[in-house]
Amino acid sequence: MPVNAAVIRGVQKLVLYETRARYFLVGSNNAQTKHRVLKIDRTEPRDLVIIDDKHVYSQQEVRELLGRLDLGNRTKIGQKGSSGLSRAVSAHGIVGFVRFLEGYYIVLITKRRRMADIGGHSIYKIEDTNMIYIPNDSVRVTHPDEARYVRIFQNVDLSSNFYFSYSYDLSHSLQYNMTLLQTPCDAGESEELNTSGRQDSFDIFEEEGLPTQVVYGLINEPYAKYVWNVRLLEKVKDIVHPDWLLYIIHGFCGQSKLLIYGRPVHVTLIARRSSRFAGTRFLKRGANCEGDVANEVETEQIIHDASVMSLTAGSFSSCVQVRGSVPLYWSQDISTMMPKPPIRLDQADPYAHVAALHFDQMLQRFGSPIIILNLVKKREKRKHEKILSEEFYPAITNLNQFLPPEHGIEYIAWDMARYTKSKLCNVLDRLSMIAENVVKRTGFFVNRPDFYCHTLRPDERWGDLGGKVTPNGRLQTGVLRTNCVDCLDRTNTAQFMVGKCALAYQLYALGMIDKPKLQFDTDCVRLFEELYEDHGDTLSLQYGGSQLVHRVKTYRKIAPWTQHSKDIMQTLSRYYSNAFSDADRQDAINLFLQVFQPSESKPHLWELPTDFYLHHSDTMVLPQQQHSYTHWWTDGVLTFLPSPYDEAQCEKNRRKVTVKRVNRFEESIDIYTEFFKPYELTSFDDTFSIAMTNSAREFMPKTLGLDPSPFTVRKPDESAKSVLGSKSSKEEAVLQRKTAASAPPPPSEEQISSSSEDDSEEEREEDGTASQRSTPVRLTEPSDSSRLHEDPPQQRLPPVRETYGLNLLVNPPDEDILIYHRFAHLGQNQHKVERRDEMKKLDAGLSLAPVSLFPSDSIYEVSAPEVDVQSRAVFECHVQTGRGWVRTLCHDDVLMYREYIKNRYM
């Protein structure tokens, strides 16, 4: 059975040449051995005319083609002064083609930066783009509003948090991509990779009758919901070869390295922002008529052993979470200029039609169970957030009555803001209990079976883990969907706690730790926390206009005092952005996603009073078919539950995958050659230029004698990188440690549940009377301050144990003395042939056992090692080859030589 492999896109380096009549876009693969040419007409003022001959050129053929074009486009024949073909720009990919009121523009990626590596597949971030007008100036028909549309379109900064990959599908999860590679392919459905270029597939060993090793290269359609340039490529999708199409996602991508006693483990966080119903904070709330919600982001954390760079041979694990607005018709009126505008329900939806469409999408992509964690407030003096809970829970109840009970939507409502105000309740302890239950229900993905040590030393948590167990590992079935009002601060903290719990299980599944449990204040969790805070800051800037206001340290009650002023500044920044700049950003997003397409026959984008009609298609056109209120899921979804329908082996999913029948040594599937380029002169800076977010080295202690394990709990002053932020003085750090130490202990689960159910306590907590139950914190202690002044730490030498790892003033124990005597006795007598009687008695007392594999081993005598038959055959073959006797080549030798000939000369 041939194996499957992901196909690497054959266009990674582009050069745009221009003449007066045409643009010639020459694209090549990374090794520049195969080229394609795209011809773009510049004489059409409004239409886009592109010609792709689908032919693969060699480097020599491209040079000859460009030479003939240069010669044929000169103004005078034989003139050498002016060239008829000029090089315009170099690029790394095409974002798309866009038109406003005049002609078309082409958007090219001119700079990129490698952000992460997943099994040899590189993920790049767009650093800079170039927008080039295609028609020639002689045929250009100008329009006065064209420049304004260009400025609005360029307000979407493509250099901030847009990502792409040539060989890895970023729109799908790791579980989907690896499940696709393990799916058996039918030979009848495959097609040749290069049917037009027979010279590229020439095999010099074809006449010898040797079998060609076949590999199925797979190209699957991206998930359009998370691709942001689908509309920009829609015009040319059916015209050009698929190698020209490069799909980009928007969100976040960060990778950190975790060192476990020198063993590298990469922790990758990928966030995919939905391109449907996309926008800014107050302008996009709730859901549209198609079930797409605002601020919908799919976050995936990938853990893999970086010592093996292969998707098929390496060890990988991933866990997916989702955040998104409450799927109802609701909005907030920002015309009142209030920090928290009132929430209003725009339309009545008694049968939960919009929620049904939304959860139908989730059942197809993730399977069951779908667990909802609703963090909005449940009790308020004046109804604000509570309005959403009162509508959301009945909608879930209505949908569940038609689903099978084992696949029902689970609903967890928890007032996180109220728990934060309480002095007796620990927010993160409660979240950790919720996270443990969620991970046990959904499970996670891992591509290897359980270790035998898990059977020898079973853990009770591991036995209760959910998901689907397969012969190759585990699959995640279902997903956690977290929401608050904005899906920013509270949601990010809750997702971090679920990710922390899943991280422990993932490391345990990969054999990195002995128990699926991670503690705070370890290097591993601090690394993961910084990665999640970068992830939260980025998503908050995209949707809310500012960074996170409340972080994990805020809920742990260990945030420095300077953090309060930063929170105030972030709140003001968010309010300013929402009030003054969100409207322009919303117009830019609508234009970039082609939700609004300019035309001379309709009003301009800036003249529209609202974009409600752009995102709700049923307001302009009557729906063709009515969606059932009882059978609200797509046909076939329940058949494969709890597994997701998108990963099932059905006819609909097979049509989304294109199978290419290629040779094993084909460049388009060789990830090793693509990454390391062994046939080129490369440098370390180019090959390993990944922009790591953080590394465990930044958190490891700089003092000798401390355990370098990333799973050891450390005090704040033991870590190389402080967890309390930047501190201006030593006293502030001491104050923070005292504040953290004086916090009340975490309560039991009974106390938490009783305080949550007590409705009468809320008013007293909000009035400040509950502060009498908290433990008072003394901010100043004269004894400590005087101790600091009289014995500054800079004037003392480090202790001996800290320098050498042990205390030299204490006598070693008797067991160590006995071991040393044995070692000294071995060193004294290993070269002596004659033994004295005293030594023989000492030998009998020490009961020395030989450690050598040879029966007799000393400097005077040694027995020859036994050589097996295979080793003797290899040595005899080597000797015969040196004497000029050439043996007959075997099958493996012929394959190795054929690979060498192809890479060297073909």
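Residues numbered from 1 in each chain as written. Predicted model: local features only at pLDDT ≥ 70, side-chain atom pairs only at ≥ 80, totals over all residues. Heavy atoms only, no water.

Asks: Can you break down the pattern of salt bridges residue by residue, with the values?
Replies: As a working rule, side chains carrying opposite charge can pair if their charged atoms are close by. With the rule as written, the count across this model stands at 28 salt bridges. In this structure, glutamate 296 engages lysine 225 in a salt bridge whose closest nitrogen and oxygen atoms are separated by 2.9 Å. Taken as a pair, glutamate 296 in the loop between strand 14 (263–273) and strand 15 (297–305) and lysine 225 in the loop between strand 12 (214–220) and helix 4 (230–233) lie far apart in primary sequence, 71 residues in all. The exposure class assigned to glutamate 296 is buried, which follows from its relative accessible area of 4%. Using a relative accessible area of 3% as the deciding quantity, one classes lysine 225 as buried. Note that lysine 553 is salt-bridged to glutamate 533, the shortest N-O span being 3.6 Å. With lysine 553 in helix 13 (residues 552–556) and glutamate 533 in helix 12 (residues 523–543), the pair connects residues that are 20 residues apart, well separated along the chain. For the pair lysine 553 and glutamate 533, one class covers both residues: buried. Put simply, Glu529, Glu533, Asp537, Arg551 and Lys553 are held in one network by salt bridges that share partners. (Salt bridge = Lys/Arg side-chain N within 4 Å of Asp/Glu carboxyl O. Helix = DSSP H or I, 4+ residues; strand = E, 2+ residues; numbered from the N terminus. Buried < 20%, exposed > 50% of the residue type's maximum accessible area, 1.4 Å probe, protein only.)

Asks: Break down empty space enclosed by the protein for me, with residues and values.
Replies: Summed over the entire model, instances satisfying the criterion amount to 11 cavities of 30 Å³ or more. Taken as a whole, the largest cavity encloses approximately 380 Å³ of empty space. Lining the largest cavity are 25 residues, and of these Arg9, Ser167, Tyr168, Asp169 and Asn220 sit closest to its centre. Of the residues belonging to the lining of the largest cavity, the class tally is 16 nonpolar, 6 polar and 3 charged. Counted as a void, the second largest cavity has a volume near 140 Å³. Around the second largest cavity sit His172, Ser173, Gln175, Tyr176, Val320, Arg365, Phe366, Gln476, Gly478, Pro644, Asp646 and Glu647, which together line it. Looking at the lining of the second largest cavity, the elements that each hand over two or more residues are helix 3 (174–181) and helix 5 (353–366). Within the lining of the second largest cavity, the residues separate by chemical class into 4 nonpolar, 5 polar and 3 charged. Summarising the domain contributions, the lining of the second largest cavity has at least three residues from each of domain 1 (4–187 + 212–244) and domain 2 (250–648). (1 Å grid on protein atoms, 1.4 Å probe; cavity = no way out; pocket = protein on both sides within 12 Å on 5 of 7 lines; lining within 4 Å. Points joined across faces, edges and corners; volume = space filled by probe spheres on them. Nonpolar A, V, L, I, M, F, W, Y, C, P; charged D, E, K, R; others polar. Domains from an automatic or database assignment.)

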